[in-house]
Amino acid sequence: MILHLYFARRFVVSLLVIAGVLTALVVMVDLFDQTRRFAEYDIGFARLAELTLLNVPETLDQMLPLITILGTISLFLALARSSELVVTRATGRSAMRALLSPVFVVFIIGVFATSTLGPIVAATSKRYATLADGYRSGGISALSVSEDGLWLRQGDTSGQTVIRAARSNADASVLYDVTFVAYARDGGPARRIEAASASLLDGEWSLRNAKAWPLASGLNPEATAAVHDILKVESTLTLDRIRESLGTPTGVSIWDMREFITQLELAGFSARKHEVWLQSQLARPLFLVAMVLIAAAFTMRHTRFGGTGAAVLAAVLLGFSWYFIRSFAQILGENGQIPVLLSAWAAPLAAVLLGLGLLLRTEDG
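Residues numbered from 1 in each chain as written. Predicted model: local features only at pLDDT ≥ 70, side-chain atom pairs only at ≥ 80, totals over all residues. Heavy atoms only, no water.

Structural notes on the overall build of the chain
Move 1: Helix and strand counts for the chain stand at 12 helices and seven strands.
Move 2: Counting all 365 residues of the chain, 45% fall into the buried class.
Move 3: If you take every contact in the chain between residues at least 6 apart in sequence, the share linking residues at least 24 apart comes to 62%.
Move 4: When the accessible surface of the chain is totalled, it reaches about 18,400 Å², and 62% of it is carbon and sulfur. (Helix = DSSP H or I, 4+ residues; strand = E, 2+ residues; numbered from the N terminus. Buried < 20%, exposed > 50% of the residue type's maximum accessible area, 1.4 Å probe, protein only. Contact = heavy atoms within 4.5 Å. Areas by Shrake-Rupley, 256 points an atom, 1.4 Å probe, with all protein chains shown as cover.)

Here it is as structure tokens:
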């Protein structure tokens with residue numbers, strides 16, 4: 001137990017050092033990127049720094065497999081140089097037993113990343129999207145899906161408009177049973193519109209079979225209502241931004257994802273991408289364990305045998321390759337070409353078996 005705790009402590013230190021270095025690099029690179037994106041809006045350094053800090057957690061969350069690989073390589077290279085692995089084997093412990101504590105640590109980290117870090121990333125990503133939309137359009141554009149249907153909010157310098165639709169087609173290009181409520185800059189309602197459908201094209205909504213009620217004080221809304229076969233309403237939204245809001249599962253906490261998937265399906269959208277993301281998050285602890293096994297298979301050897309650089313490069317390349325295989329499988333799952341469970345779980349399971357196979361071959365000589 002003392003030896004396991006020692007290896008676990010050394011592994012945690014390696015992971016923290018690697019994570020700290022990568023965090024510093026990510027912050028610097030992302031700050032330059034935010035400066036480039038918002039150069040024409042002149043929002044100031046403080047707001048750019050806020051956007052950077054909100055965007056960094058998502059990037060680090062995606063880099064967790066890389067942090068795991070580099071942390072494992074750092075640990076076992078240090079143990080090999082100090083001959084601690086040789087002493088460990090001399091006591092009768094196999095390489096597989098020496099890996100128990102790193103595997104346990106990274107599995108706990110994976111569970112923590114899925115259950116706690118994921119919701120934090122969802123909150124920061126949502127806040128980042130809200131602020132970015134506000135800086136770009138001068139107002140706020142937001143989207144949410146609930147049991148009552150699809151809700152949109154668009155804003156500009158003249159005020160806000162809240163849009164509710166009972167359902168949508170699969171690609172969000174047409175909304176059905178739509179209600180628009182426009183608010184003036186002082187916060188009071190200015191106009192209400194109900195329409196059978198609404199299409200967003202060229203910076204404006206095209207409403208069919210619409211009826212509009214002015215809500216200014218002193219007017220009888222019903223008496224002054226107007227019916228239109230086609231009614232145009234200006235918009236700061238675009239189809240790409242609506243689809244992006246619906247198509248980014250990272251903006252939803254894993255604890256709320258199952259309910260969100262149900263709401264998406266009721267609103268008429270395809271939730272397959274969110275299903276794949278949910279299963280991939282559940283499989284993430286297993287994938288991180290696989291990264292430890294693969295990295296250890298190439299670095300649990302004494303440095304006197306030489307070839308350390310080639311072994312490290314092989315471990316990193318194999319880890320990256322498996323990361324891309326996993327991403328490719330998820331894309332196939334999102335497109336419906338393979339089942340959801342297969343797209344999320346096949347790559348982690350295969351990676352674990354590959355790492356075990358390499359370790360057993362190394363152990364057998």
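Moving on from the model shown.
Some words on the nonpolar core
Move 1: With 43 residues, the main nonpolar core has Phe11, Ile73, Phe76, Leu99, Met300 and Leu359 as its most contacted residues.
Move 2: Counting residues per element, the ones that place at least two in this core are α1 (2-37), α3 (64-81), α6 (100-137), α10 (284-299), α11 (308-334) and α12 (340-363).
Move 3: The element contributing the most residues to this core is α10, with 11 residues.
Move 4: Of all hydrophobic cores here, the second largest spans 31 residues; its members include Leu175, Ala212, Phe260 and Ala271. (Core = buried A, V, L, I, M, F, W, Y, C linked by side-chain atoms within 4.5 Å.)

Regarding a nonpolar patch on the surface
Move 1: Residues Val13, Val17, Val21, Leu25, Met28 and Phe32 make up a contiguous nonpolar surface patch of roughly 590 Å² in combined accessible area.
Move 2: Judged by relative accessible area, Val13 falls into the partly exposed class, the value being 44%. (Patch = residues over 30% accessible without salt bridge, like charges linked within 9 Å, V, L, I, M, F, W, Y side chains within 5 Å. Salt bridge = Lys/Arg side-chain N within 4 Å of Asp/Glu carboxyl O.)

Notes on unusual backbone geometry
Move 1: With phi around 55°, Asp177 is a residue other than glycine that occupies positive phi space.
Move 2: Relative to the elements of secondary structure, Asp177 occurs in strand β4 (residues 174-184).
Move 3: Take Asp177: its relative accessible area is 43%, and that puts it in the partly exposed class.
Move 4: If you check the backbone angles, Asn209 has positive phi at about 50° while not being a glycine.
Move 5: On the secondary structure map, Asn209 appears in strand β6 (residues 204-214).
Move 6: Accessibility expressed as a relative area gives 55% for Asn209, which makes it exposed.

Section: the pattern of salt bridges
Move 1: Within the structure shown, the criterion is met by six salt bridges.
Move 2: Between Glu194 and Arg192 there is a salt bridge; the shortest N-O distance is 2.6 Å.
Move 3: By relative accessible area, which is 32% here, Glu194 ends up partly exposed.
Move 4: With a relative accessible area of 31%, Arg192 lands in the partly exposed category.
Move 5: As a salt-bridge pair, Arg258 and Glu275 come within 3.0 Å of each other at their nearest N and O atoms. Separated by 17 residues along the polypeptide, Arg258 in helix α8 (residues 257-266) and Glu275 in helix α9 (residues 272-282) bring together distant segments of the chain.
Move 6: A residue is classified by how much of its surface remains accessible, and Glu275, at 19% relative accessible area, is buried.
Move 7: One network of salt bridges, in which partners are shared, links Asp33, Arg36 and Arg37.

Brief notes about the environment of Thr308
Move 1: Examined against the element boundaries, Thr308 turns out to sit in helix α11.
Move 2: For Thr308 and Leu77, which are 231 residues apart along the polypeptide, the C-alpha to C-alpha distance reads 8.5 Å.

Quick notes on the pairing of β4
Move 1: Where strand β3 (residues 159-168) meets β4, nine bridges bridge the pair, whose relative direction is antiparallel. Bridged to Arg164 within β4 is Thr179.
Move 2: Pairing between β4 and strand β5 (residues 189-201): nine bridges, direction antiparallel. Looking at the pairing, Phe180 lines up with Ile193 of β5. (Pairing = 2+ DSSP bridges.)

Description of the environment of Ala314
Move 1: With respect to the helices and strands, the residue Ala314 is situated in helix α11.
Move 2: Counting along the chain gives 16 residues from Ala314 to Phe298, while the straight-line C-alpha distance between them is 7.4 Å.

Thoughts on α10
What sets the pattern is the α-helix's 3.6 residues per turn: residues three or four places apart point alike.
Move 1: Helix length check: α10, at 16 residues, gives a terminal C-alpha distance of 23 Å against a target of 22 Å (1.5 Å per residue), a fit within 8%.
Move 2: With 14 of 16 residues buried, α10 is to be regarded as a mostly interior element. (Expected span 1.5 Å × (residues − 1).)

A look at α1
Move 1: Compared with an ideal rise of 1.5 Å per residue, which puts 36 residues at 52 Å, α1 spans 51 Å between its outermost C-alpha atoms and is within 8% of the ideal.
Move 2: Buried within α1 are the following residues: His4, Phe7, Ala8, Phe11, Ser14, Leu15, Ile18, Leu22, Val26, Asp30, Asp33 and Gln34.

With respect to the packing of α1 against helix α2 (residues 45-62)
Axes are the key here: two packed helices are described by the angle between their axes and the distance separating the axes.
Move 1: One way to put it is that α1 packs onto α2 with a least axis distance of 9 Å and a crossing angle of 130°. In terms of orientation, α1 lies oblique with respect to α2. You can see that α1 and α2 cross each other, and the crossing is right-handed. Contacts between α1 and α2 involve Thr23, Val26, Val27, Asp30, Leu31, Gln34 and Thr35 from the former and Phe45, Leu48, Ala49, Leu51, Thr52, Asn55, Val56, Thr59 and Leu60 from the latter. (Axes fitted to C-alpha atoms, helices over the stretch in contact; angles between N-to-C directions. Parallel < 35°, antiparallel > 145°, perpendicular 65-115°, else oblique. Left-handed = near helix turned anticlockwise from the far one by under 90°.)

Focus: the confidence of the model for the chain
Move 1: Considering every residue of the chain, the mean pLDDT works out to 83; 88% of them sit at 70 or more.
Move 2: Of all helices and strands in the chain, the one with the weakest mean pLDDT is strand β1 (residues 142-146) (65), whereas α10 scores best (91). (pLDDT = per-residue confidence, 0-100.)

Concerning the packing of aromatic side chains
Move 1: Tallying each qualifying case throughout the model produces three aromatic pairs.
Move 2: Relative to Phe324, the ring of Tyr323 has its centre 6.0 Å away and its plane inclined at 75°; by these criteria the two rings are edge-to-face.
Move 3: Residue class for Tyr323 comes out partly exposed when judged on its relative accessible area of 25%.
Move 4: The class of Phe324 is exposed, set by a relative accessible area of 53%. (Phe/Tyr/Trp six-rings, centres within 6.5 Å; stacked < 30°, edge-to-face > 60°.)

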